[in-house]
Amino acid sequence: MKRFYYEKERINIEGFHVPLSKRASVRDVVSVGFGLFVVFYLFVFFVISVTNTFIKDPMQVEISKMFLSPSFEHIFGTDFLGRDIFLRIVKGTEAFFIPGIISVTISTTFGLLFGIISAYYPRYFSKIIFYFLNIIDSIPRLIFILIIIVLFNPSIYLIMTFVGISSIPKVSSYIKSKVELLKKQQFIEACKELGLSQVNIIFKHIVWLSSKSVLIIQATLGMGESILIETSLSYLGIGVQEPIPSWGNMVSMGKDFFFQGKIWLSTIPALVILVTIMGLYLLGDGLNSIYSEKVSR
Amino acid sequence: MDTVVETQGLYKYFYNKKGHTVIKACDDISLSIPKGKTLGLVGESGCGKTTVGRILLRLIEPDSGTVFFNGHNLTEMNEKHIRPLRKNFQMIFQDSSSSFNPRMRAYDALKESVQLYSDLRAKELRDEIYHLMSRVNLHKEMLSHFLGSLSGGELKRLDIARVLSIHPAFIIADEPLSLLDMSIQSQIVNLLLEVQKEENTSLLFISHDLRIVRMLSHTVAVMYRGKIVELAPKSVITENPLHPYTKHLWNPKISDFYVQFFESGCVYKNSCRVLHRKGFPLICSEKQPELLEYEKGHYAACHFAQE
């Protein structure tokens, strides 16, 4: 019933800017809140692991503490070499954080650029750009990455650059449709008539004021996707190698002990992956629902 | 007297996908607006008044014809060269609700236009914005609102404030009083008159409200189907209109005739009462009447203007 009330509200104020409190339903607020929590802990983990302010070294092997189940001392338990799983999860963020940000930066920057160019110069650039981007889009991503790994044995940074490049088409098509819609609006004409420069109109009125939500949403989704790719590569054993922790190789190493009853070794990293990616996707989804001006009838 | 804006032989036709002419929005429009004077442009809706205004600002390209602004030929300049000149000619848009970015706050919208051509900072800027708001009779509280949440009349006044903030030499007021109620209409009219007096601004006043056009303008041009059918000083055209359409506008009675688009002949022939009275003379359906000077400064386009 509450949901319906908000929907009705949205219809009445079609096209207008409404304060967040009126646009967001409870579901949106919960998913965005959860997503922000995920972003928060990812960031904190990353800062801890970069500044190396651990209570105990996550790489330290202690044979006497092998296979300890979760307790107050080791909240996620210890693994087959007696290393604390929680600390290894914290350390594991290092494996994907910077590469993920690189991939997101590449996809949003170039997506934005190509989107604007193809919306403003449809005759010359749109077709070329979109043929090119469709070619990228048509190659299955994971297989493409695996082929690259087999051929060149690249670092994670290079792999994530490829991931970033392969998500350009999606971002740029969103931006293109948004800009195409906006540039026909009368307020853009009014800005032009006022004497604002084209660059100012594009970057202030079109990008910053009207399409930043699209970029934020695509960035959160892209981050989730690159974590997924990194963890799957590590799981397959081609990403980060063993002594250095990564969420993927922790799952992979732990799975050997799963049927011995030591389920936390692989389940807990897997759950962390699940929660993190779900959080980022929900953040994107919730922001999308809050920012979109689509009227559902 | 200096002429601020002058147009010569403007043509703008809109076509459909098959290439047939659908609307003749501008059909040989020649106007000139002297400094500090107001030209009222009257006509029914859809006759091309707004198109004329937009062509003057080069927001749309004319098919042919020239627009001069203070001696600059705007139709030959490209956007890069026109942009520094845009300070001098501004438009009050007909649909104010879509002429602002709904995601901006009112303060930011005014700040953007004030800062575009002046170096006002911090307190001076705020004072200038408050002054503008009080001129258009809006409350200061409005400044913190998002533009999408303001009403039509408030946006209209904000649009006028935005135009006034730039101090242009020439303002195109495209139905500035629609959406406003009586008391605010009179305030805006007084404001426009005041601005014109203070800054010697030229105005192109586009409206279909004759009462206000008569109040504001020095010269009145009557448009019908993209053509100017009569052009005269205000006092002359109100007392002695020559064209039957002007007479009809001044003294409207319900017309029985369905108005259509014609390829040849007078544009007004289907609704013309003179034509009826004359017994459908051939000249009206064959030859297009030219805009001729009947008295000094009084132009009309009708074969039977003097009768």
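Note that the structure is a prediction, hence the values are computed from the model and not measured.

A. The arrangement of the overall build of chain B in detail. Along its length, chain B carries eleven helices and 13 strands. In terms of C-alpha radius of gyration, chain B reaches 21 Å, essentially the compact-globule figure of 19 Å for 307 residues. Principal-axis analysis of the C-alpha atoms places the extent of chain B at approximately 70 × 45 × 40 Å. A burial count over chain B gives 51% of its 307 residues as buried. Counted over contacts in chain B with a minimum sequence separation of 6, partners at least 24 positions apart contribute 62%. With an accessible surface of roughly 14300 Å², chain B has 50% of that area assigned to carbon and sulfur atoms. Counting 38 positive and 35 negative side-chain charges, chain B places the centres of these two groups 2 Å from one another.

B. Structural detail: the overall build of chain A. Each helix and strand in chain A was counted, giving 13 helices and zero strands. C-alpha extents for chain A along the principal axes are approximately 75 × 50 × 35 Å. When each of the 297 residues of chain A is scored for burial, the buried share is 48%. If you take every contact in chain A between residues at least 6 apart in sequence, the share linking residues at least 24 apart comes to 70%. Total accessible area on chain A stands at roughly 15300 Å², and carbon and sulfur atoms take up 70% of it. In chain A, which carries 27 positive and 20 negative side-chain charges, the distance between the mean positions of the two groups comes to 8 Å.

C. The packing of helix H3 (residues 26-51) of chain A against helix H13 (residues 264-291) of chain A, seen in detail. Residues and elements named next belong to chain A. Closest axis-to-axis distance for the H3/H13 pair is 7 Å, and the angle between their directions is 135 degrees. By the angle between their directions, the pair H3 and H13 is classed as oblique. Remark: the crossing between H3 and H13 carries left-handed chirality.

D. Molecular detail of the nonpolar core. Residues and elements named next belong to chain B. The biggest cluster of nonpolar side chains holds 62 residues, and the ones touching the most others in it are Met 133, Leu 147, Leu 158, Ile 188 and Phe 205. For this core, the two domains that each supply at least three residues are domain 1 (3-240) and domain 2 (241-307). Discounting chain neighbours no more than four positions away, the residues touching Met 133 are Leu 110, Leu 138, His 139, Met 142, Leu 143 and Leu 158. One finds Leu 31, Leu 74, Met 77 and Ile 228 within the second-largest nonpolar core, a separate group that totals 33 residues.

E. The arrangement of the pattern of salt bridges in detail. One pass over the structure, following the stated rule, counts 18 salt bridges over all chains. Put simply, Glu225(A) and Arg141(A) hold a salt bridge, and the shortest N to O gap is 3.4 Å. Taken as a pair, Glu225(A) in helix H11 (residues 212-236) and Arg141(A) in helix H6 (residues 141-152) lie far apart in primary sequence, 84 residues in all. Residue classification places Arg141(A) among the partly exposed residues on the basis of a relative accessible area of 21%. Between Arg135(B) and Glu194(B) there is a salt bridge, with the nearest N and O atoms lying 3.6 Å from each other. You can see Arg135(B) sitting in helix H4 (residues 122-135) and its partner Glu194(B) sitting in helix H6 (residues 182-199), a full 59 residues away along the chain. The network of salt bridges with common partners includes Arg27(A), Asp28(A) and Asp285(A).

F. The arrangement of the interface of chain B and chain A in detail. Between chain B and chain A, the residue contacts involve 27 residues of the former and 19 residues of the latter. For the pairing of chain B and chain A, the buried interface totals around 2400 Å² over both sides, and the portion due to carbon and sulfur atoms is 53%. A per-residue breakdown of the area chain B buries against chain A is headed by Asn101(B), Arg103(B) and Glu112(B), which together make up 29% of the total. Scanning the region where chain B abuts chain A turns up two salt bridges. There are eleven residue pairs in polar contact (both at pLDDT 80 or more) connecting chain B and chain A. Secondary structure elements with two or more residues in the side of chain B that touches chain A: strand S7 (89-92), helix H3 (106-116) and helix H5 (152-166) of chain B. In terms of residue count, H3(B) provides more of the side of chain B that touches chain A than any other element does, three residues in total. Here the residues of the side of chain B that touches chain A sort into eleven nonpolar, seven polar and nine charged.

G. Main features of unusual backbone geometry. All names here are of chain B. With a phi close to 60 degrees, Asn 137 is a non-glycine residue in the positive phi region. With respect to the helices and strands, Asn 137 occurs in the loop between H4 and H5. For Asn 200, which is not glycine, the phi dihedral falls at a positive 55 degrees. Along the chain, Asn 200 turns up in the loop between H6 and strand S9 (202-207). With relative accessibility at 37%, the residue Asn 200 sits in the partly exposed group.

H. Fine view of a nonpolar patch on the surface. Residues and elements named next belong to chain A. Taken together, the side chains of Ile 143, Ile 147, Leu 151 and Phe 152 define a hydrophobic patch exposed on the protein surface, amounting to about 450 Å² of accessible area. Locating Leu 151 in the fold gives a position in helix H6. By relative accessible area, which is 59% here, Leu 151 ends up exposed.

I. Focus on the environment of Val38(A). Residue and element names in this part refer to chain A. Residue position: Val 38 is located in helix H3. As a C-alpha pair, Val 38 and Phe 162 span 124 residues in sequence and 25 Å in three-dimensional space. When near neighbours in sequence (up to four residues on either side) are disregarded, Val 38 contacts Val 275, Thr 276, Gly 279 and Leu 280.

J. Geometry of the layout of surface pockets. Residues and elements named next belong to chain B. Of the volumes computed, that of the second largest pocket is approximately 610 Å³. At the level of secondary structure, the elements contributing two or more residues to the lining of the second largest pocket comprise strand S2 (21-29), strand S3 (32-34), strand S4 (38-43) and strand S11 (227-233). Looking at which element gives the most residues to the lining of the second largest pocket, the answer is S11, with five residues. Split by residue class, the lining of the second largest pocket holds 13 nonpolar, six polar and seven charged. Residue-level mapping places the lining of the second largest pocket at the junction of two domains, with at least three residues from each of domain 1 (3-240) and domain 2 (241-307).

K. Quick peek at the environment of Val5(B). Among the secondary structure elements, Val5(B) is positioned in strand S1 (residues 3-15). The spatial distance from the C-alpha of Val5(B) to the C-alpha of Pro34(B) is 7.1 Å, given a sequence separation of 29 residues.

L. Here's a closer look at the packing of aromatic side chains. What the rule picks out here adds up to 16 aromatic pairs over all chains. Between Phe45(A) and Phe86(A), the aromatic rings sit 5.9 Å apart at their centres with planes inclined by 90 degrees, giving edge-to-face as the arrangement. With Phe45(A) in helix H3 and Phe86(A) in helix H4 (residues 85-120), this residue pair connects regions lying 41 residues apart in the sequence. What makes Phe45(A) buried here is its relative accessible area of 13%. Three or more aromatic residues joined by ring pairs make a cluster, and in this case those are Phe37(A), Tyr41(A), Phe45(A), Phe76(A) and Phe86(A). Against the face of Phe146(B) rests Arg105(B), its NZ or CZ located 4.2 Å from the ring centre.

The rules behind each value
Residues numbered from 1 in each chain as written. Chains lettered and ligands numbered in written order. Predicted model: local features only at pLDDT ≥ 70, side-chain atom pairs only at ≥ 80, totals over all residues. Heavy atoms only, no water. Helix = DSSP H or I, 4+ residues; strand = E, 2+ residues; numbered from the N terminus. Rg over C-alpha atoms; globule rule 2.2 N^0.38 Å. Buried < 20%, exposed > 50% of the residue type's maximum accessible area, 1.4 Å probe, protein only. Contact = heavy atoms within 4.5 Å. Areas by Shrake-Rupley, 256 points an atom, 1.4 Å probe, with all protein chains shown as cover. Lys, Arg positive; Asp, Glu negative; His and termini not counted. Charge placed at Lys NZ, Arg CZ, Asp CG, Glu CD. Axes fitted to C-alpha atoms, helices over the stretch in contact; angles between N-to-C directions. Parallel < 35°, antiparallel > 145°, perpendicular 65-115°, else oblique. Left-handed = near helix turned anticlockwise from the far one by under 90°. Core = buried A, V, L, I, M, F, W, Y, C linked by side-chain atoms within 4.5 Å. Domains from an automatic or database assignment. Salt bridge = Lys/Arg side-chain N within 4 Å of Asp/Glu carboxyl O. Buried area = accessible area lost by both parts, 1.4 Å probe. Polar contact = N/O pair within 3.5 Å; in protein donor to acceptor, adjacent residues only side chain to side chain. Nonpolar A, V, L, I, M, F, W, Y, C, P; charged D, E, K, R; others polar. Patch = residues over 30% accessible without salt bridge, like charges linked within 9 Å, V, L, I, M, F, W, Y side chains within 5 Å. 1 Å grid on protein atoms, 1.4 Å probe; cavity = no way out; pocket = protein on both sides within 12 Å on 5 of 7 lines; lining within 4 Å. Points joined across faces, edges and corners; volume = space filled by probe spheres on them. Phe/Tyr/Trp six-rings, centres within 6.5 Å; stacked < 30°, edge-to-face > 60°. Lys NZ or Arg CZ within 6 Å of the ring centre and 35° of its normal.

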